[in-house]
Amino acid sequence: MKIQIITIGKTSASYLKEGISIYLKRLEHYAKLEYKELADVPAKGLTPDALKKKEGLVILEMLKPDDVLILLDENGKHFTSREFADFIQKKMNASVKQIIFVIGGAFGFSPEVYARANTQISFSKMTLSHEMIRLFLVEQLYRAHTILKGESYHHD
């Protein structure tokens, strides 16, 4: 199973870039992974809804019909790390070819992207920066794979 992470906008903070890089490198041992930072959609003169619609078109154009689309969204399902690992395992067991995690822009997703999504997950009830969540996602993907392999990274 391939895992793809798509983000709207570049990661600007060097400490986040470094952390993301560390976990992407670690994940190479466990999964086929692709990390794509898309350019910001020019927002000048656009309302938040119009911006989400434009970003949504970019996201939807990248998808294949059988891709499992998972949105990182503050209103999504909450998991413990073990539950997230089980979620990943179930996708692997179901012979899913590709899971795509999408981290949207500052205003979230368009209705069209929500309609296409297979599920939404949330890492916190608090609002998190769309740049910081990138690091949290790659770390949790790494943690999930070490849990599934019975390795000692995760402690209960």
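Below: a short report on this structure.

Thresholds, definitions, all that
- Residues numbered from 1 in each chain as written.
- Predicted model: local features only at pLDDT ≥ 70, side-chain atom pairs only at ≥ 80, totals over all residues.
- Heavy atoms only, no water.
- Salt bridge = Lys/Arg side-chain N within 4 Å of Asp/Glu carboxyl O.
- Buried < 20%, exposed > 50% of the residue type's maximum accessible area, 1.4 Å probe, protein only.
- Core = buried A, V, L, I, M, F, W, Y, C linked by side-chain atoms within 4.5 Å.
- Helix = DSSP H or I, 4+ residues; strand = E, 2+ residues; numbered from the N terminus.
- Contact = heavy atoms within 4.5 Å.
- Polar contact = N/O pair within 3.5 Å; in protein donor to acceptor, adjacent residues only side chain to side chain.

### A few points about the pattern of salt bridges
Within this structure, the stated rule accounts for 8 salt bridges. Where lysine 25 meets glutamate 28, a salt bridge forms, and the shortest distance between an N and an O atom there is 3.5 Å. We note that lysine 25, like glutamate 28, is exposed. Because the salt bridges share partners, they merge into one network encompassing Lys2, Glu34 and Lys36.

### Concerning the nonpolar core
Formed by 30 residues in total, the largest nonpolar core has its most connected members in Phe84, Ile88, Phe101, Leu137, Val138 and Leu141. Secondary structure elements with two or more residues in this core: β1 (2-8), α1 (14-27), β3 (68-78), α3 (81-93), β4 (98-103) and α5 (132-148). Among the elements that line this core, the one with the most residues is α5, at 8 residues. Residues Ile59, Ile100, Val113 and Ala117 belong to the second largest nonpolar core, which totals 12 residues.

### Things to note about the environment of threonine 146
Structurally, threonine 146 can be placed in helix α5. A sequence separation of 119 residues divides threonine 146 from leucine 27, and the C-alpha atoms of the two residues are 9.5 Å apart. Ignoring sequence-local partners within four residues, the contact set of threonine 146 consists of Tyr30, Glu151, Tyr153 and His154. Reaching out from threonine 146, the side chain makes a polar contact with the backbone oxygen of arginine 143 at a distance of 2.8 Å.

Any functional reading would require information that these geometric values do not contain.
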